[in-house]
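# Notes for the structure review
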Amino acid sequence: MSKFIFYPILRMSKYIGISILFILLTSCEKELDFKYHDVESQFVIEGILTDQGSEVSLAYTIPMNEPLNQVPIKDAVVSLTDLTESKTYNLSFEEGKYRNPVGGVPSHNYELEVIHEGKSYKSANVMRKGVEILELKLQWIKMPYDHVAILEIVSTTSEINGTCYWTRIYKNGEPYKWLISHGSGAVDGILSQTTFTTRMNPTDPDDKDNLKEGDVLSVTVWPISLEMYDYLVGITSDSNGPQMFTGDFCLGYFMAAEGSLSSIRFDPDQIPFPK
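Remember, it's a predicted structure, so these values are computed and weren't measured experimentally.

### Focus on helix 1 (residues 226-235)
Among the residues making up helix 1, those that are buried are Met 228, Tyr 229, Tyr 231, Leu 232, Gly 234 and Ile 235. Each element contacted by the buried residues of helix 1 is listed here: strand 11 (164-171), strand 12 (174-181), strand 14 (216-224) and strand 16 (251-256).

Laid out in structure tokens, this is it:
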């Protein structure tokens, strides 16, 4: 597996509330900016286990009318247990997050536990093996207002029934778009996902969708559980998503998967038009 950076879904200062969702073609979403109401601050856990190790972010939600002053949570006890082999690994606090370099084993069942201020939070997940990205393809299509470059992502699918897919797209290393797909959308073990990118003649130079010649789009595809899929659907539907932790109440998620990475360069003169 190629090494790459996983960007958490939330920005540490924002979590609850109404998210802006643009559904284009097959469940395509822009990178989300979470807005939220004046509510009591909630504990948030974002945990991920990959073949390269585990990483957990802890935070409290901050109301919109309060200043951004996120204080790192350094006093939590964070552990990850391989339930299949009865092995437990402690995560240490490093540069704002809790980490452990031991990678996950596909098909093993893992449980993340966080203990903080006398409260306990647990979430279990089966580690899913990464899929293969077979092709990334850009193509111009004619819309009433302009030509738009469509990005098609073709990949294999997981052997675990009920697996869904979280695809994240980065522009020059920065979050750009993400989309989720239900496993039932695959045909003969192949999943095709499509999203709009840039207009050929953008009218707004500050539009975040704009691509310039030489920009690199990097794509990661993560096989995820149906529960994680429902969670991502929930947070794009004016809610915090379903509860993914047992024990005391918190927000957030824990997923265990190998990610696949592929990239494509944006060269507008080389992009074909539909035949």
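Here the narrative resumes.
### Brief notes about the environment of Gly 104
Mapped onto the fold, Gly 104 is located in the loop between strand 6 (97-100) and strand 7 (109-116). For the pair Gly 104 and Thr 50, spaced 54 residues apart in sequence, the C-alpha to C-alpha distance is 5.7 Å. In contact with Gly 104, other than residues within four places in its own chain, are Leu 49, Thr 50, Asp 51, Tyr 110 and Met 127.

### Things to note about the sheet that holds strand 9 (residues 133-142)
One open sheet accounts for 3 strands, arranged 9-10-13; its pairing is antiparallel. Strands with a single pairing partner mark the edges of an open sheet, and in this sheet they are strand 9 and strand 13 (190-199). Each neighbouring strand pair of the sheet contributes to a mean axis angle of 20 degrees, computed without reference to strand direction. The sheet contact formed by strand 9 and strand 10 (residues 147-156) spans 9 bridges and is antiparallel. Among the inter-strand pairings, Trp 140 is bridged to a residue of strand 10, identified as Ala 149.

### A short note on the pairing of strand 12
Within strand 12, 6 of the 8 residues are buried, which leaves it mostly tucked inside the rest of the structure. Here strand 11 pairs with strand 12 via 7 bridges, running antiparallel. Opposite Thr 167, over in strand 12, you have Leu 179 as the bridge partner. Connecting the antiparallel pair strand 11 and strand 12 is a turn made up of 2 residues, with Asn 172 showing a positive phi of about 50 degrees.

### A look at the confidence of the model for the chain
Per-chain confidence: the chain averages 85 in pLDDT, with 83% of residues scoring 70 or above. In this model residues 1-5 is a low-confidence stretch, pLDDT under 50, and it forms 17 contacts with partners more than four residues away in sequence or in other chains. Predicted confidence is poor over residues 10-38, with pLDDT under 50, and the contacts of this stretch with residues over four places away or in other chains come to 98 contacts.

Criteria and cut-off values
- Residues numbered from 1 in each chain as written.
- Predicted model: local features only at pLDDT ≥ 70, side-chain atom pairs only at ≥ 80, totals over all residues.
- Heavy atoms only, no water.
- Buried < 20%, exposed > 50% of the residue type's maximum accessible area, 1.4 Å probe, protein only.
- Helix = DSSP H or I, 4+ residues; strand = E, 2+ residues; numbered from the N terminus.
- Contact = heavy atoms within 4.5 Å.
- Pairing = 2+ DSSP bridges.
- Axes fitted to C-alpha atoms, helices over the stretch in contact; angles between N-to-C directions.
- pLDDT = per-residue confidence, 0-100.

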